[in-house]
Amino acid sequence: MILGEGISDTDIRMPKDAYEKSKDTSTFDVYLIAIVRDSEGRVIDIHKQRSHSPTSNFISIILPEQYSWQMCPQVMSNCFINTSGTNVCQCDVPNGGNRVIAYPNNNANHPTYLVGIQVGSGQQPNPFSSYSLAEPIANGSGAGQLIYGSPSVSSSITVSGNSAYFTISQTFNNNSGGTVTITEVGIIIEFQCIMYNNTSPYNFGNLLVWYDVLSSAISVPNGGSVTIYYTFTVNP
């Protein structure tokens with residue numbers, strides 16, 4: 001069979017009228033909302049933006065197990081950079097020795113793997129390659145610091161119409177004596193994997209898996225607080 005030169009000009013794009021109009025929304029959406037309150041508990045600012053910045057650590061975690069061990073040792077595909085800047089690699093071993101991600105995490109400190117939301121006062125141009133915040137705001141009541149509350153995760157997935165979602169939230173209180181400005185936000189997990197038989201845990205440390213530079217800075221007044229919500233939504 002001989003193909004003519006015209007075959008290269010064939011338009012193989014899906015016609016627009018072939019798509020269902022009800023399917024126009026993206027399959028996966030993430031939203032960031034920050035609610036700022038003053039020292040009296042009154043809401044003084046609500047910041048909303050669409051989040052779209054998973055990091056390379058996040059992508060590495062969801063790589064198929066099969067891909068990971070087949071690429072070793074030629075390519076250390078199962079590699080991460082933790083928040084300390086350390087490059088941590090762990091090759092899976094085939095033939096029954098594969099490592100897995102267990103749930104709940106058998107590390108008692110973070111059974112859901114979630115360490116929490118972290119805020120900062122810097123920004124980075126390439127969120128995908130970020131492994132830590134540019135200028136993390138420390139946990140405390142000193143100048144420029146915020147008191148980090150405990151993170152909260154939805155106890156179950158909420159189904160609403162054709163969408164399903166869950167939320168991660170955390171409150172930060174300002175007892176620093178002055179206004180604290182937030183320009184970047186990230187989600188930190190403590191990641192580890194274990195052998196298939198629940199032995200030999202391997203801890204990668206704290207990993208930044210999601211990172212956002214805010215579209216506009218958030219100012220938290222002294223005595224006030226900010227609660228940050230990350231909502232992860234799946235649309236079938």
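Residues numbered from 1 in each chain as written. Predicted model: local features only at pLDDT ≥ 70, side-chain atom pairs only at ≥ 80, totals over all residues. Heavy atoms only, no water.

1. As for the nonpolar core
Taken as a class, soluble globular proteins show a tendency for nonpolar side chains to be buried jointly. In this structure, Val 119, Ile 182, Val 185, Ile 187, Val 226, Ile 228 and Tyr 230 are the most contacted members of the largest nonpolar core, which totals 33 residues. At the level of secondary structure, the elements contributing two or more residues to this core comprise strand S1 (28-37), strand S6 (114-120), strand S10 (163-173), strand S11 (180-195), strand S12 (202-220) and strand S13 (225-234). Non-local contacts of Val 185, meaning those with residues more than four positions away in its chain, are made with Leu 32, Ile 117, Gln 118, Val 119, Trp 210, Tyr 211, Asp 212, Leu 214, Ile 228 and Tyr 230. (Core = buried A, V, L, I, M, F, W, Y, C linked by side-chain atoms within 4.5 Å. Buried < 20%, exposed > 50% of the residue type's maximum accessible area, 1.4 Å probe, protein only. Helix = DSSP H or I, 4+ residues; strand = E, 2+ residues; numbered from the N terminus. Contact = heavy atoms within 4.5 Å.)

2. Observations concerning the environment of Val 226
By the secondary structure assignment, Val 226 is in strand S13. In this structure Val 226 comes out as buried when scored by relative accessible area, which is 0%. Sequence separation of Val 226 and Arg 37 is 189 residues, and the distance between their C-alpha atoms is 6.2 Å. Leave out the neighbours within four places in its chain, and Val 226 touches Ala 34, Ile 35, Val 36, Gln 170, Thr 171, Phe 172, Ile 182, Ile 218 and Val 220.

3. As for the confidence of the model for the protein chain
Per-residue confidence for the protein chain gives a mean pLDDT of 80, with 69% of residues at or over 70. Of all secondary-structure elements in the protein chain, the lowest mean pLDDT belongs to helix H2 (residues 65-70), at 46, while strand S7 (residues 147-148) reaches the highest, 98. (pLDDT = per-residue confidence, 0-100.)

4. What to know about the packing of aromatic side chains
Across all of its chains, the model carries 10 aromatic pairs by this definition. Each ring, one from Phe 28 and one from Trp 210, has its centre 6.4 Å from the other, and the planes form 80°; the classification is edge-to-face. Of this pair, Phe 28 sits in strand S1 while Trp 210 sits in strand S12, and the two are 182 residues apart along the sequence. Linked through ring pairs, Phe 28, Phe 58, Phe 166, Trp 210, Tyr 230 and Phe 232 together constitute an aromatic cluster. (Phe/Tyr/Trp six-rings, centres within 6.5 Å; stacked < 30°, edge-to-face > 60°.)

5. A short note on the environment of Ser 129
One can find Ser 129 in the loop between S6 and S7. On the accessibility criterion, Ser 129 (43% relative accessible area) is partly exposed. Each C-alpha atom, one on Ser 129 and one on Asn 57, is 8.4 Å from the other, the two residues being 72 residues apart in sequence. Separated by 3.2 Å, the side chain of Ser 129 and the backbone oxygen of Asn 126 make a polar contact. (Polar contact = N/O pair within 3.5 Å; in protein donor to acceptor, adjacent residues only side chain to side chain.)

6. Overview of the environment of Ser 132
Within the element layout of this structure, Ser 132 appears in the loop between S6 and S7. A relative accessible area of 19% means that Ser 132 is categorised as buried. Remark: the alpha-carbon pair of Ser 132 and Val 209, spanning 77 residues in sequence, is separated by 9.2 Å. Sequence-distant contacts of Ser 132, that is, excluding residues within four places in its chain, are made with Thr 83, Gln 124 and Leu 208.

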